[in-house]
Amino acid sequence: MSDLARIAVLYGGPSGEREVSLDSGRAVLQALQGLGMDAVGVDIQPAIVQQQMAESGAQIAFNVCHGAVGEDGLLQACLETLDMPYTGSGVLASALAMDKWRCKQLWRAAGLPVTEGILLRRGGHTPDLGSRFGWPLYIKPNHGGSSLGVSKVGGPAELDAALQCAFAIEDEVLCEGAVIGHEATVGILDGQALPPIVIETPRPFYDYTAKYLADDTRYLLPSGLGAPLDQQLQALALSAFAELGCRDWGRVDFMISGGDGRPHLLEVNSVPGMTSHSLIPLAAKAAGMDFPELCATILRTAQRRVKHG
C-alpha cells in the first residue's frame, strides 16, 4: 500500500448509528496506522464533504460511516464526483442495500428466499397485519440499521406503539412476518464468504441493546448448523450480494426456520461494524485473519480498482 500517500478513514456522520460508526472508525484508524500507513480520520459532515476530503490530503477513502449518508449511496456519490476511490459498494448497490423493501423485491425476482412482508407509508392504508402475517410480526423502518426503531409485535395491543416508533424515524415502514428459529449472518470479503455466525440473545430479538450494550448476547462460531447449511448460507450470501451489485465487503443477514431449516434473507449491511467486537472481524478471525489484516484486505480491494480502472 506504499503507493497510497494518505488514507482517509470516514466515520461518524449524522445518522442514529453515529456512535457505533465512531467506534468503527477509531478501530480501523488505529489498525491502519499500526501497519505503518498514513491514515487520518474524517468525521463526515454532509454539507462540507468536498472541503473535508480536500483538507485531509487523502488519495483513497476507507468508509466506515454507518447508516444514512454513509451507507445509502449519498457519501459514495460525493466521493464519485470528487473522483476519490473508496472502499465498499458503489452508489446504486449501497442505496439498494439500505432500502429493505426494494432489495427484497430484487431478491424475490431472482428466485432468492426472502421473508414475507409489506411496505406501509405514512398516512396510507394499513391492512389487517395480524390476519396477513400472524403473530408475532416485526415492524421496522425501511431504511437504517442497528435495529433502531424496530419492534417485535406479539399481538394487536402492541401494534400501534410499534408503528408510531417506526414512523417517528421515517415515512416508509416495513412489516414482516416472523421466522421463528435461528438468526445468522455471513460476512463477504473480497469475493469470498466468511464462516457463518449464529446469534443468540435472551431478549425478544437482536435489538440495539443486544447488539451493542448487553453482555449476554452469544455469537456461535462454528455456527452449530452443520456443514451443509453453513455452505448453503455462504452460497446464498454471495448470490444476494452479487444480485445487488455489491462489492468488496459486507454482511448478509438471515433467519433460519426452526421448523424446516430453510434460510430466509433479511438484508445486506454494505458498511458493517468494524469494532473489535463486531461480526465481520469475528468471522475473519475464525478464517485466520486478524483485525489489521482484515482492514488491509478491504483497502486492497479498493486499491485494485484504482490500478485496473
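Structure's up top.
Being a predicted model, the structure only gives us computed values, none of them experimental.

Some words on the sheet that holds strand β5 (residues 137-141)
- The four strands lie next to each other as β4-β7-β5-β6, forming an open sheet whose pairing is antiparallel. In this open sheet, the two edge strands, each paired with only one partner strand, are β4 (117-121) and β6 (151-153). Going across the sheet, the axis of each strand differs from the next one's by a mean of 25°, ignoring polarity.
- Against the sheet, helix α7 (residues 159-167) makes contact with β4, β5, β6 and β7 (172-177), and its axis sits at roughly 20° relative to β5, the strand it touches most.

Observations concerning the nonpolar core
- The biggest cluster of nonpolar side chains holds 34 residues, and the ones touching the most others in it are Val 28, Leu 32, Phe 62, Met 274 and Leu 294.
- Looking at this core, the elements that each hand over two or more residues are β1 (7-12), α1 (18-34), β3 (60-63), β10 (197-200), α10 (279-286) and α11 (291-308).
- Not counting the four nearest positions on each side in its chain, Met 274 is found in contact with Ser 24, Ala 27, Val 28, Val 64, His 66, Trp 249, Ile 280, Pro 281, Phe 291, Leu 294, Cys 295 and Ile 298.

So, the pattern of salt bridges
- For the structure on display, the rule yields 14 salt bridges.
- Beyond isolated ion pairs, a larger network of salt bridges with shared partners links Asp 99, Arg 102, Arg 121 and Glu 172.

Here's the deal with the side chain of Thr 87
- The topology assignment puts Thr 87 in the loop between α3 (74-81) and α4 (91-98).
- Note on Thr 87: relative accessible area 2%, which makes it buried.

Describing α10
- Among all positions of α10, only Leu 279, Ile 280, Pro 281, Ala 283 and Ala 284 are buried.
- Looking one or two places after α10, you find Gly 288, whose phi comes out positive at around 95°.

Quick notes on the sheet that holds strand β2 (residues 39-44)
- The three strands are arranged β2-β1-β3 in an open sheet whose pairing can be described as parallel. On the outer flanks of this sheet lie β2 and β3, each paired with one strand and no other. The mean angle between the axes of side-by-side strands here comes to 30°, regardless of whether they run parallel or antiparallel.
- Pairing of β1 with β3, which is carried by four bridges, proceeds in the parallel orientation. Bridge pairing links Leu 10 to Asn 63 in β3.
- Sitting on the sheet, α3 touches β1, β2 and β3, and the angle it makes with β3 is about 175°.

Considering the pairing of strand β8 (residues 181-189)
- With respect to burial, β8 is a largely interior element, seven of its nine residues being buried.
- For β8 and β10, the ladder comprises three bridges, and the chain directions are antiparallel. Across the sheet, residue Glu 183 finds its bridge partner in β10, namely Ile 199.
- Note: β8 against strand β9 (residues 192-193), two bridges, orientation antiparallel. Residue pairing in the sheet places Ile 188 in a bridge with Ala 193 of β9.
- Linking two consecutive strands that pair antiparallel, namely β8 and β9, is a turn of two residues; a positive phi of about 50° is found at Asp 190 within it.

Criteria and thresholds
- Residues numbered from 1 in each chain as written.
- Predicted model: local features only at pLDDT ≥ 70, side-chain atom pairs only at ≥ 80, totals over all residues.
- Heavy atoms only, no water.
- Pairing = 2+ DSSP bridges.
- Helix = DSSP H or I, 4+ residues; strand = E, 2+ residues; numbered from the N terminus.
- Axes fitted to C-alpha atoms, helices over the stretch in contact; angles between N-to-C directions.
- Contact = heavy atoms within 4.5 Å.
- Core = buried A, V, L, I, M, F, W, Y, C linked by side-chain atoms within 4.5 Å.
- Buried < 20%, exposed > 50% of the residue type's maximum accessible area, 1.4 Å probe, protein only.
- Salt bridge = Lys/Arg side-chain N within 4 Å of Asp/Glu carboxyl O.

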